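# Coordinates in review
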Amino acid sequence: MKTFNYLRATDVDVALQRIAVEPGARFLGGGTNLVDLMREGIEAPETLIDITRLPLDGIEELPDGGLRIGALVRNSDLAAHPVVRGRYPFLSQAILLGATGQIRNMATVGGNLLQRTRCLYFYDEASACNKREPGAGCAAREGFNRGNAVLGTSDACVATHPSDMAVALAAIDAVVEVRSSRGTRHIPLTEFHLLPGTTPHLESQLESDELITAVELPPLPVAAHSYYRKVRDRASYAFALVSVAAALDFGADGRIADVRLALGGVATKPWRARTAEQLLLGAAASEDSFATAAAAELAAAVPLPGNAFKIDLACRTVVAVLRRLTTERSGS
Amino acid sequence: MTTVEAGVAGGVGTSPKRPDGGLKVRGEFAFSSDLWADDMLWGATLRSPHPHARIRGIDITAAVALPGVYAVLTHEDVPGAKRYGLEIVDQPVLAMGEVKYQGEPVAVVAADHPETARRAAARIVVDYEVLPAVTEASLGVLLRHVPIRTGDPDATADVVVTGEYQVGMQDQAFLGPESGLAVPAEDGGVDLYIATQWLHVDQKQVADCLGLPAEKVRLTLAGVGGAFGAREDLSMQVHASLLALHTGRPVKMVYGREESFFGHVHRHPATMWYEHGATRDGKLVYVKAKIVLDGGAYASSSTAVAANAATLGIGPYEVPNVVMDASVYYTNNPPCGAMRGFGAVQACFAYESQMDKLASALGLDPVEVRLRNAMTTGSRMPTGQIVEGPAPVADLLIRVRSAPPAPEGSGDLREMPGGVSNTTHGEGVVRGIGYGIGIKNVAFSEGFDDYATARVRLELIGGEPAVLVHTAAAEVGQGLVTVQAQIARTELGVERVTVATADTSVGSAGSSSASRQTYMTGGAVRAACQAVRAALLARVGGARLDGGKVLSDSGAVIADLASVIGDGPIEETVEWRHRPTYPLDPVTGQGNAHVQYAFAAHRATVDVDVELGLVRVVEIVTAQDVGKAVNPLAVEGQIHGGTAQGLGLALMEEIQMVDGIVRNPSFTDYLIPTILDMPPMKVDVLEMADPHSPYGLRGVGEPPTISSTPAVVAAVRAATGKALTRVPVRPEHIVG
Ligand SMILES: Cc1cc2nc3c(=O)[nH]c(=O)nc-3n(C[C@H](O)[C@H](O)[C@H](O)COP(=O)(O)OP(=O)(O)OC[C@H]3O[C@@H](n4cnc5c(N)ncnc54)[C@H](O)[C@@H]3O)c2cc1C
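For clarity, every value in this text was computed on a predicted model and none was experimentally measured.

### Overview of helix H9 (residues 165-172) of chain A
- The element H9 of chain A is extensively covered by neighbouring structure, given that eight of its eight residues are classed as buried.
- Buried residues of H9 of chain A: Met165, Ala166, Val167, Ala168, Leu169, Ala170, Ala171 and Ile172 of chain A, and no others.

The following block contains the structure:
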């Protein structure tokens, strides 16, 4: 590990002033991803600005029925929050299906959004990786790419975005609030992460001097009836092969009146499945309509030899979750 | 044996509390990575990034120049033998002109801080000329071929089933990475504190490489955090010793998790072709098999693994005609060697898959077809060896079959495929049941001079009789320290027993491997206790020991035990051997190669979410004959742990190799079962004494690993109808 300076910020403005003059500095949240990357020599910030003492750890109900979540709220606390569990159950589930209790106790909302890919070649300094070293090439294409993405990929990069929480947030249309010494911006979560294109090292819209201060959830009645489903290689403590965040509501005519769908484990960013949503909206709830919608969403998928199975698995998972939501709805 | 003392607490057949148990649970146990010496330096290793390359030059200038660096060594600094190896001396201490696998050590560094040592290693410039890598066993250089021929090679049968099976590269995945501390001694030698499986085989190799006589290389066992075969070969032993001798300072080396994946051998990946011929009523007529094992870059214990795969390769069945060829090849993959089950694991997956296939071709129940061919005492192995001890193969199968069926799910998500992943809530779930039975040899084979040494001292401490047991046997977590004390208590009727730390100041105990240590070191401790007892009785002309008294033939009390020992302590050292084994005929594979066989059977019940390809093993029932449960709790622990390791191989564990490069050297990417993946187990322990072994016991550690894999896979097949010819089985194989 390279040596670095450490400083603890207790005031947002001070943290922002510091990062503005020191582009080599990074914010330290729970450290569960950044410290690993530093140990591996993949990131080497000159200064760590510890932000965990900043007063950004509250969860506030908004007058419109939405929720404002401080960027330093720990993943465990967010998952356990009664309003999240009641109004956005799939967000709570998504968080609880990620990592382990110990890690979730440390991990923060901001850090979770910005966690970096688990692509094996990103972690292996001896391999070519455009994300680590722009222009170096992508060894994953020819390598062991079972965990890599099929959606949103480019010639330059097929790395999966690993977050579970962000998949649910994408389905919710959450908004990320970011601040810098230049001011405050609001970025829709679905636009927050960037597709790799020819610049896979650029992963989000966040500028190097910006701090995530909060994530806001709009009121979303359909989310009260939602599921996050994660398909992985063992029962716990594994990243997703495929995950689906889904919320479904029916109109008086029995047709789908509202739907939210997002995918994880298969895409280079938290993947809002808008194509599928559009097909589902107004459709009858049936195996057919679910399968058609899922297939349409995955039509854009570009498989690699090791991960082609994910296309079918993703379709199956979408259908299974929607079926479950439908059965529960008609049962109740 | 006439005089085994009964009634003393904590003896053979009981489960006394183990001394390391509480410490480990509380996190207070000192593992080898916790070793510390004032003034010590830290070692680090530079490893090859290439699976195959010529080394044109090594420039250490920049590393040496780093402040805090005390030594940078390459192969030129190795004073003695430049290579070592368990069976074939072929592995360089540090690469000489060529590297043959990714992770091969090239240079070592000692510095005053671990980070400095790592940085210095990174500053070493190695000029590599990358060479093509051979990464397919079938394209490699043959290391050993073990043929077995019995009966008619051209036998024909009514019903024939064939199959090709593959087993991926499994890792031992112990939790305590390779580590140790080398301390230079005044006599020019070195004292090495080390987590290993066999102190004396390490001692010999280290001494040879250092160019020192064995007595100048003294090893003491440090706290071992699991082994499973991965500590049979050397890792940092020579490196740390070299650095200590060069710097005159103690040197500690601890591998990180990633480095650990390169620091030890793995289970041999295997490709296996089988043809089984049977009569219409299900009696096996012949088996033809070809097993190809990937040995990796250096020999390690590959030759013995191949012999096991061959000799145990048709399973615990009577087969009159066998054509078996097991071969292991050198490649540029990481060296493969010992891992729990040692060649028997791979073969069992294949032959048990074949037995299921045969059952279905015959329209028979899978257990039924096994019963019709089950070997028994007196059966002949394909090597011609007659199975002398108990071979309750049929009994084990019947026991697991007749256990009550696994309970229906309670609806708790944790019991469903995907577990808490919020996948199926019961819909789309299909249950399947599968069986597996396996055979394993215990202890070393093929004429190896297999022995263990024990020194036992009976003395008075504070006026009270006390026993000191001293062996070099490695406690690797299996509970061997406890077992040695139990045996001494039973044999000498003395409750107060201390087991000294294992080191090389006593003779070799052999390895804590091949399920052999309770048999071998247990046998040696028993024999040494018996010698002590004989000497004790001789002092006063007594006939036996009872209740702390020496008794005459007629049962009259001659003396108090304490008063007899009062004349001076009694100490005996015994080297103890099992019955000899013999080499295999190189052409026919005939020979009495093994000393004891052990058997276990498994029944696995799985629920499969056939829509998403997720498997939940809901229950495992197992039956195993252990001859004598010397420590029933430890026996159960071995069976639980071994079964879990077999489940891991069935469903998730594999080192992913791509062109000779390990792609998942971390516990984030190499998955082993968690507690949520392990089902409740029903363990049925049989005790059918082997007349030739101490207390009739049978090695316990490996059999549970062997048959759990095929049982789990058979259950998944039953639920899905998929062929599943490769392990680990993953979701895509089920839905694909
Ligand atoms: C073994 C393991 C298994 C895991 N399994 C899963 C899993 O199954 N699913 C899953 O979703 N995740 C998983 N994770 C990842 C885990 O969720 C992330 O590591 C965690 O969420 C990161 O949060 P953190 O606060 O620790 O981030 P840090 O490591 O502190 O930071 C991560 C990045 O975010 C930046 N950052 C942090 N906060 C802010 C802020 N407020 N403003 C601007 N930048 C900021 C940091 O500078 C850094 O670049 C796993 C992690 C581990 C180690």
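What follows continues from the structure just given.
### Remarks on the confidence of the model for chain B
Residue and element names in this part refer to chain B.
- Considering every residue of chain B, the mean pLDDT works out to 97; 99% of them sit at 70 or more.
- This model gives residues 1-5 a pLDDT under 50, and the stretch forms 10 contacts once residues within four places in sequence are excluded.
- Interface confidence in the predicted complex, given as ipTM, is 0.94; pTM for the same model is 0.97.

### Brief notes about the site of the ligand
Residues and elements named next belong to chain A.
- In the region of the ligand, 32 residues are neighbours, and Gly29, Gly30, Gly98, Gly110 and Gly111 sit closest.
- Looking at the shell around the ligand, the elements that each hand over two or more residues are strand E2 (25-28), helix H2 (34-39), helix H6 (101-106), helix H7 (109-114) and strand E8 (211-217).
- Grouping the amino acids of the shell around the ligand by side-chain chemistry returns 15 nonpolar, 14 polar and three charged.

### Focus: unusual backbone geometry
- Cis geometry marks the peptide bond from Val727 of chain B to Pro728 of chain B, where omega comes out at 0 degrees.
- Notably, Ala99 of chain A is not glycine yet its phi reads approximately 50 degrees, a positive angle.
- Its location among the elements puts Ala99 of chain A in the loop between helix H5 (89-96) and H6.
- You will see that Ala443 of chain B, though not glycine, has its phi angle at about 75 degrees, which is positive.
- Residue class for Ala443 of chain B comes out buried when judged on the 26 C-beta atoms lying within 10 Å of it.

### Some points on the environment of Glu98 of chain B
Residues and elements named next belong to chain B.
- Mapped onto the fold, Glu98 is located in strand E6 (residues 98-99).
- Assessed through the 15 C-beta atoms surrounding it within 10 Å, Glu98 is described here as partly exposed.
- For Glu98, the contacting residues outside a window of four places in its chain are Arg54 and Ile55.

### What to know about the pairing of strand E27 (residues 614-625) of chain B
All names here are of chain B.
- In terms of burial, E27 is a largely internal element, 12 of the 12 residues being buried.
- Bridge analysis of strand E26 (residues 596-609) against E27 gives 10 bridges, and the strand direction is antiparallel. Within E27, the residue paired with Asp607 across the bridge is Arg616.
- Connecting the antiparallel pair E26 and E27 is a turn made up of four residues, with Gly613 showing a positive phi of about 75 degrees.
- When E27 meets strand E30 (residues 681-686), the two strands line up parallel, connected through six bridges. When the sheet's bridge partners are listed, Ile620 is paired in E30 with Met681.

### Some points on the sheet that holds strand E25 (residues 570-577) of chain B
All names here are of chain B.
- Pairing is mixed in the open sheet, where four strands are placed in the order E21-E20-E19-E25. For this open sheet the edge positions go to strand E21 (497-499) and E25, each flanked by a neighbour on one side alone. Along the sheet, successive strands turn relative to each other by an average axial angle of 20 degrees, direction set aside.
- Sitting on the sheet, helix H11 (residues 480-492) touches strand E19 (451-461), strand E20 (464-470) and E21, and the angle it makes with E21 is about 145 degrees.
- In the packing of helix H12 (residues 517-540) onto the sheet, the strands contacted are E19, E20 and E25, and the crossing angle to E19 comes to about 45 degrees.

### Brief notes about the UniProt feature "domain: Aldehyde oxidase/xanthine dehydrogenase a/b hammerhead" (unreviewed entry) in chain B
- The positions UniProt marks with the feature "domain: Aldehyde oxidase/xanthine dehydrogenase a/b hammerhead" (unreviewed entry) are residues 26-132 of chain B.
- As annotated, residues 26-132 of chain B has a helix share of 15% and a strand share of 36%, and its two end C-alpha atoms lie 49 Å apart.

### Some details on the domain arrangement of chain B
Residues and elements named next belong to chain B.
- Along its sequence, chain B is organised into domain 1 (21-29 + 451-577) and domain 2 (389-440 + 595-736).
- With centres defined by C-alpha atoms, the gap from domain 1 to domain 2 works out at 37 Å.
- Contact with domain 1, which involves 12 residues of that partner, is made by 13 residues of domain 2.
- Among the elements of the structure, H11 and H12 are those that each provide at least two residues to the side of domain 1 that touches domain 2.
- In terms of residue count, H12 provides more of the side of domain 1 that touches domain 2 than any other element does, five residues in total.
- Taken together, the residues of the side of domain 1 that touches domain 2 sort by class into two nonpolar, eight polar and two charged.

### Structural notes on the sheet that holds strand E18 (residues 429-442) of chain B
Residue and element names in this part refer to chain B.
- Strands sit in the order E18-E26-E27-E30 across an open sheet of four strands; the sheet is mixed. The sheet is open, and its two borders are formed by E18 and E30, each paired with just one other strand. Pairwise comparison of adjacent strand axes, ignoring direction, gives a mean angle of 15 degrees for this sheet.
- The strands touched by helix H14 (residues 632-651) are E26, E27 and E30; relative to E27, the strand with the most contacts, the crossing angle is about 140 degrees.

### Some remarks on the interface of chain A and chain B
- Of the residues lining the interface, 27 residues belong to chain A; the matching set on chain B comes to 29 residues.
- Mapped by element, the contributors of at least two residues to the side of chain A that touches chain B are strand E9 (226-231) and helix H13 (309-331) of chain A.
- Ranked by residues supplied to the side of chain A that touches chain B, first place goes to H13 of chain A with seven residues.
- Broken down by class, the residue content of the side of chain A that touches chain B amounts to 15 nonpolar, four polar and eight charged.

### Looking at the nonpolar core
- With 349 residues, the main nonpolar core has Phe90, Ala168 and Val318 of chain A together with Ala107, Val109, Leu243 and Val712 of chain B as its most contacted residues.
- A total of 11 residues in this core trace back to one element, the largest contributor, which is H13 of chain A.
- If we ignore the near neighbours within four places in the chain, the residues touching Val318 of chain A are Val244, Leu261, Ala276, Phe290 and Ala294 of chain A.

### Some remarks on the UniProt feature "domain: FAD-binding PCMH-type" (unreviewed entry) in chain A
- Mapped onto this numbering, the UniProt entry annotates "domain: FAD-binding PCMH-type" (unreviewed entry) at residues 1-222 of chain A.
- Between the end C-alpha atoms of residues 1-222 of chain A the distance is 47 Å, and the span holds 29% helix and 17% strand.

### A word on the packing of H5 of chain A against H9 of chain A
Residue and element names in this part refer to chain A.
- At their nearest, the axes of H5 and H9 sit 7 Å apart, and the two run at 165 degrees to each other. Here H5 lies roughly antiparallel to H9, going by the angle between them. As H5 runs across H9, the sense of the crossing is right-handed. Contact residues: H5 offers Phe90, Leu91, Ala94 and Ile95, while H9 offers Met165, Val167, Ala168, Leu169, Ala171 and Ile172.
- Residues belonging to the contact of H5 with H9 are distributed by class as follows: 10 nonpolar, no polar and no charged.

Cut-offs used in this document
- Residues numbered from 1 in each chain as written.
- Chains lettered and ligands numbered in written order.
- Predicted model: local features only at pLDDT ≥ 70, side-chain atom pairs only at ≥ 80, totals over all residues.
- Buried ≥ 20, exposed ≤ 12 C-beta atoms within 10 Å, placed from the backbone.
- Helix = DSSP H or I, 4+ residues; strand = E, 2+ residues; numbered from the N terminus.
- pLDDT = per-residue confidence, 0-100.
- Contact = placed C-beta atoms within 7 Å.
- Near = placed C-beta within 6 Å.
- Nonpolar A, V, L, I, M, F, W, Y, C, P; charged D, E, K, R; others polar.
- Pairing = 2+ DSSP bridges.
- Axes fitted to C-alpha atoms, helices over the stretch in contact; angles between N-to-C directions.
- UniProt positions renumbered as here; feature names shortened; annotations may be inferred.
- Domains from an automatic or database assignment.
- Core = buried A, V, L, I, M, F, W, Y, C linked by C-beta atoms within 7 Å.
- Parallel < 35°, antiparallel > 145°, perpendicular 65-115°, else oblique.
- Left-handed = near helix turned anticlockwise from the far one by under 90°.

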